[in-house]
Amino acid sequence: VQLQASGGGLVQAGGSLRLSCAASGSTFIRYTVGWFRRTPGKEREFLAAIDWWGGRTDYADSVKGRFTISRDNAKKSVYLQMNSLRPEDTAVYYCAADFRDGGVDQRPGAYDYWGQGTQVTVSS
């Protein structure tokens, strides 16, 4: 599966953005999808993940209550709604997919497929 992340941009603190992760390939079923971000000099940071049927989600404490992950398998897409953005949310955001029977995972190494990243910049 190939992933394409989009929806990044420049937003003021307190604003919102919705990131999209579009998958190409024959099927999107059975893929857990996660969102991560990276800032210069730091490791990839887990943000959120959703299992293939959308019944289970997981969030990092840093974004819990502000970010919401969802998916539409018919459109082969996963979304990250980001509200109440802060300057410290500035980063390159990536989506990643892992073929599995279910469940979610916070470890970047658990994901086999990665999108190219989309820049999010939050101004103060």
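Here, the structure is the one placed above.
To start, this report covers the structure provided alongside it. (Residues numbered from 1 in each chain as written. Predicted model: local features only at pLDDT ≥ 70, side-chain atom pairs only at ≥ 80, totals over all residues. Heavy atoms only, no water.)

Turning our eyes to something else, we now look at the state of the cysteines. Applying the stated rule across the entire model yields 1 disulfide. Two residues share a disulfide in this structure: Cys-21 and Cys-95, whose sulfurs sit 2.2 Å from each other. Note on the Cys-21 and Cys-95 pair: the S-S dihedral is about 75 degrees, so by sign convention the disulfide is right-handed. With Cys-21 in strand β3 (residues 17–24) and Cys-95 in strand β9 (residues 91–99), this residue pair connects regions lying 74 residues apart in the sequence. Looking at Cys-21, the relative accessible area reads 0%, which means it is buried. (Disulfide = S-S within 2.5 Å. Helix = DSSP H or I, 4+ residues; strand = E, 2+ residues; numbered from the N terminus. Buried < 20%, exposed > 50% of the residue type's maximum accessible area, 1.4 Å probe, protein only.)

Core analysis: the largest hydrophobic core is formed by 36 residues, its most contacted members being Trp-35, Ile-69, Val-78, Leu-80, Met-82 and Tyr-93. Residue assignment for this core shows that the elements contributing at least two residues are β1 (2–6), β3, β4 (31–38), β5 (45–50), β7 (67–72), β8 (77–82), β9 and β11 (118–123). (Core = buried A, V, L, I, M, F, W, Y, C linked by side-chain atoms within 4.5 Å.)

With that settled, the discussion passes to the sheet that holds β7. If you walk across this open sheet you meet the 4 strands as β1-β3-β8-β7, and the pairing is antiparallel. Only two strands of the sheet have a single neighbouring strand rather than two, namely β1 and β7. Between one strand axis and the next, the sheet turns through 15 degrees on average, direction left out of account. Sheet analysis places β7 next to β8, joined by 6 bridges and oriented antiparallel. Its bridge partner being in β8, Thr-68 is matched across the sheet by Gln-81. (Pairing = 2+ DSSP bridges. Axes fitted to C-alpha atoms, helices over the stretch in contact; angles between N-to-C directions.)

Within this structure, the stated rule accounts for 8 salt bridges. Connected through salt bridges with shared partners, the residues Arg-37, Glu-45, Arg-66 and Asp-89 form a single ionic network. (Salt bridge = Lys/Arg side-chain N within 4 Å of Asp/Glu carboxyl O.)

Glancing now at the environment of Leu-10. Structurally, the position occupied by Leu-10 is in strand β2 (residues 9–12). Judged by its relative accessible area of 67%, Leu-10 is exposed. Sequence separation of Leu-10 and Val-122 is 112 residues, and the distance between their C-alpha atoms is 5.9 Å. The residues touching Leu-10, leaving out its near neighbours within four places in the chain, are Thr-121 and Ser-123. (Contact = heavy atoms within 4.5 Å.)

Attention now goes to the packing of aromatic side chains. Taken as a whole, this structure holds 7 aromatic pairs when the rule is applied. With centroids separated by 6.1 Å and ring planes inclined at 70 degrees, the aromatic side chains of Tyr-31 and Tyr-113 adopt a geometry described as edge-to-face. Note that Tyr-31 is positioned in strand β4 and Tyr-113 in strand β10 (residues 113–114), a separation of 82 residues in sequence. Note on Tyr-113: relative accessible area 31%, which makes it partly exposed. For the pair Phe-36 and Tyr-111, a centre-to-centre distance of 5.4 Å together with 75 degrees between the ring planes defines the contact as edge-to-face. Within this pair, whereas Phe-36 is found in strand β4, its partner Tyr-111 is found in the loop between β9 and β10, the two being separated by 75 residues in sequence. Since its relative accessible area comes to 0%, Phe-36 is described here as buried. (Phe/Tyr/Trp six-rings, centres within 6.5 Å; stacked < 30°, edge-to-face > 60°.)

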